[in-house]
Amino acid sequence: MPLALVSRSKRVENDLLGKVMRALPDIIAENLGVPDHPLAKLAPKDIEVSHLESPFNIGHHDIQIVILAQKFEERIRDGVFRSECMVADVQKILDSDMTCFVWVFLGNTFFAAT
């Protein structure tokens, strides 16, 4: 289950932040999922999204997205392309003068829930 952590600059209003956060499960599932891999395929319901905000944040982009996800060779092979596609999808939501980044961390992870 990937976890997306989202931060924003002061230029991003709550309505726009909400649009980005609501869109992220679909964007991540589409671009990070591996449909023919039984453990790496993703649906939007598999994605958790959290907003991180602090008066001490220092950022140089309007939207900053960090994604933590399980490492699979299929994701590593074209990881830069996958990240670029997610940036392009988020950019479609933002105002034309706003910037964003997507930083994907893939690792050996363990997840349990009730």
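Scroll up a little and you will see the structure.
Residues numbered from 1 in each chain as written. Predicted model: local features only at pLDDT ≥ 70, side-chain atom pairs only at ≥ 80, totals over all residues. Heavy atoms only, no water.

Enquirer: Got a minute to help me understand helix α3 (residues 79-91) in this structure?
Expert: Counting along an α-helix, one turn takes 3.6 residues, and residues three or four places apart therefore face a common direction. For α3, spanning 13 residues, the distance from its first C-alpha to its last is 18 Å, which sits close to the expected 18 Å at 1.5 Å a residue. Turning to α3, its buried residues number three or more, namely Arg 82, Ser 83, Met 86, Asp 89 and Val 90. Mapping the buried residues of α3 onto a view down its axis gives an arc of 120°, with all of them on the same face. Facing away from the buried side of α3 by more than 90 degrees, the exposed set consists of Val 80 and Phe 81. The elements touched by buried residues of α3 are α1 (14-32), β3 (63-70), α2 (73-77) and β4 (100-107). (Helix = DSSP H or I, 4+ residues; strand = E, 2+ residues; numbered from the N terminus. Expected span 1.5 Å × (residues − 1). Buried < 20%, exposed > 50% of the residue type's maximum accessible area, 1.4 Å probe, protein only. Arc of directions from axis to C-beta. Contact = heavy atoms within 4.5 Å.)

Enquirer: Where do I start with a nonpolar patch on the surface in this structure?
Expert: Nonpolar side chains collect at one region of the surface, where Leu 68, Trp 103 and Phe 105 lie side by side and expose about 310 Å² of accessible area between them. Note that Leu 68 resides in strand β3. (Patch = residues over 30% accessible without salt bridge, like charges linked within 9 Å, V, L, I, M, F, W, Y side chains within 5 Å. Areas by Shrake-Rupley, 256 points an atom, 1.4 Å probe, with all protein chains shown as cover. Salt bridge = Lys/Arg side-chain N within 4 Å of Asp/Glu carboxyl O.)

Enquirer: Even after reading the chapter, I still don't get the layout of surface pockets, so can you show me in this structure?
Expert: A water-sized probe, rolled over the atoms, reveals where empty space remains. Size it by volume and the largest pocket reaches roughly 320 Å³. Met 1, Pro 2, Leu 39, Gln 70 and Thr 109 are the residues nearest the centre of the largest pocket, which is lined by 16 residues in total. With three residues, the top contributor of residues to the lining of the largest pocket is β3. In the lining of the largest pocket, the residues fall into 11 nonpolar, two polar and three charged. (1 Å grid on protein atoms, 1.4 Å probe; cavity = no way out; pocket = protein on both sides within 12 Å on 5 of 7 lines; lining within 4 Å. Points joined across faces, edges and corners; volume = space filled by probe spheres on them. Nonpolar A, V, L, I, M, F, W, Y, C, P; charged D, E, K, R; others polar.)

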